[in-house]
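Letter by letter, the chains look like this.
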Amino acid sequence: LRGDYLAIVTLGFGEIIRILLKSDILTNFTGGPRGIQNISGPTLFGRVFNSDVHFTYLITAAVLLAAFVYHRLQYSRTGRAWLSIREDETVARATGVNTTRYKLLALALGAAFAGLAGAIFASRNQFTGPEEHSLMASINVLSLIIVGGMGNIPGTILGAFALKGLPEILREFANYRLLTFGALLVVMMLSRPNGMIPSKRPKFQVPAESAEDRP
């Protein structure tokens, strides 16, 4: 699957997981509708993270780690393979890129960082339940990437700040929050389809001419 079909199927699987979390099938594992309670804070090198200050440092470290890994991958052979697949998968396959391998690698890395973020989120709240894994949570993540700009860290951070602050501003207009989100996405797709901070396309760099190659 690719394009819109991949997004639709992904959201469908996310909704299936939420329904399974609320069912009686996985109650012994997930706690059912009550969720998992009394989650203790993580321990790192003997230090227990159990306060907002500790979690602030932990979240900052996780964000910096994700940014570092992304920056290293972006300019590597793997990152250029992902870029070619995003631009045109058929052409990428024709040039020798193993699209199946690189797509599975992207899925695995994305799931790993999503799991890291989810573990920090659940341990900070000391609770996780089915309502925290609703379809709106996925839409919020997708919206901040579209608004900020895909393919770059500054755009993602800017989109996160914008869409995290916007619901707080619109708290008094809770009934119109989804309408505002939808209108914002439509405006962004029409005016700035690449986001507020669009990613730069890599340029071909000609190797510097060595002294031996000069006539």
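Look a little higher up for the structure.
Novice: Provide a residue-level description of the overall build of the chain, including the pertinent values.
Specialist: Counting its secondary structure elements, the chain contains nine helices and four strands. Reading the secondary structure of the chain in the N-to-C direction produces α-α-β-β-β-α-α-α-α-β-α-α-α. Buried residues in the chain amount to 19% of all 215 residues. A sequence separation of at least 24 residues applies to 59% of the contacts in the chain between residues at least 6 apart. About 16,000 Å² of surface is accessible on the chain, with carbon and sulfur atoms providing 65% of the total.

Novice: Got a sec to walk through the packing of helix 3 (residues 52–74) against helix 6 (residues 99–125)? Specific residues and values, please.
Specialist: When two helices pack together, their arrangement is given by the angle between their axes and by how far apart the axes lie. Relative orientation of the contacting elements helix 3 and helix 6 amounts to 175 degrees, with a least axis distance of 11 Å. As judged from the angle between their axes, helix 3 and helix 6 are roughly antiparallel. Where helix 3 approaches helix 6, its residues Asp 52, Phe 55, Leu 58, Ile 59, Ala 62, Ala 66, Val 69 and Leu 73 are matched on the opposing element by Leu 109, Phe 113, Leu 116, Ile 120, Ser 123 and Arg 124. For the contact of helix 3 with helix 6, the class distribution of residues is 11 nonpolar, one polar and two charged.

Novice: How would you sum up the nonpolar core? Please name residues and give values.
Specialist: Formed by Leu 144, Val 147, Leu 163, Leu 166, Phe 181 and Met 188, the largest nonpolar core amounts to six residues. Among residues more than four places away in sequence, those in contact with Leu 144 are Thr 156, Gly 159, Ala 160 and Leu 163.

Novice: Describe in detail helix 3, supporting the description with residues and values.
Specialist: Structural remark: α-helix, 3.6 residues per turn; residues separated by three or four positions point the same way. The end-to-end C-alpha distance of helix 3, which contains 23 residues, comes to 32 Å, matching closely the 33 Å that a straight helix rising 1.5 Å per residue would cover. Those residues of helix 3 lying buried are Phe 55, Leu 58 and Ala 62. Structurally, helix 3 contributes buried residues whose contacts are with helix 6.

Novice: Describe the packing of aromatic side chains, listing the residues and the values that go with them.
Specialist: Within the structure shown, the criterion is met by zero aromatic pairs. In this structure, Arg 101 is placed above the aromatic ring of Tyr 102, and the distance from its NZ or CZ to the ring centre is 5.2 Å.

Novice: Pulling in residues and values, what's your account of unusual backbone geometry?
Specialist: One non-glycine residue, Asn 38, adopts positive backbone phi at about 55 degrees. Relative to the helices and strands, Asn 38 is located in the loop between strand 1 (36–37) and strand 2 (43–44). Overall, the relative accessible area of 68% leaves Asn 38 in the exposed class. A positive phi angle is found at Gln 126, which is not glycine, with a value near 60 degrees. Counting through the fold element by element, Gln 126 comes out in the loop between helix 6 and strand 4 (127–128). Residue Gln 126 is classed as partly exposed on the basis of its relative accessible area, which comes to 46%.

Novice: Give a description of the side chain of Glu 89 that names residues and reports values.
Specialist: As for its placement among the helices and strands, Glu 89 is situated in helix 5 (residues 89–94). Apart from the residues within four sequence positions on either side, Glu 89 is in contact with Arg 2, Ser 84, Thr 99 and Lys 103.

Rules of the game
Residues numbered from 1 in each chain as written. Predicted model: local features only at pLDDT ≥ 70, side-chain atom pairs only at ≥ 80, totals over all residues. Heavy atoms only, no water. Helix = DSSP H or I, 4+ residues; strand = E, 2+ residues; numbered from the N terminus. Buried < 20%, exposed > 50% of the residue type's maximum accessible area, 1.4 Å probe, protein only. Contact = heavy atoms within 4.5 Å. Areas by Shrake-Rupley, 256 points an atom, 1.4 Å probe, with all protein chains shown as cover. Axes fitted to C-alpha atoms, helices over the stretch in contact; angles between N-to-C directions. Parallel < 35°, antiparallel > 145°, perpendicular 65-115°, else oblique. Nonpolar A, V, L, I, M, F, W, Y, C, P; charged D, E, K, R; others polar. Core = buried A, V, L, I, M, F, W, Y, C linked by side-chain atoms within 4.5 Å. Expected span 1.5 Å × (residues − 1). Phe/Tyr/Trp six-rings, centres within 6.5 Å; stacked < 30°, edge-to-face > 60°. Lys NZ or Arg CZ within 6 Å of the ring centre and 35° of its normal.

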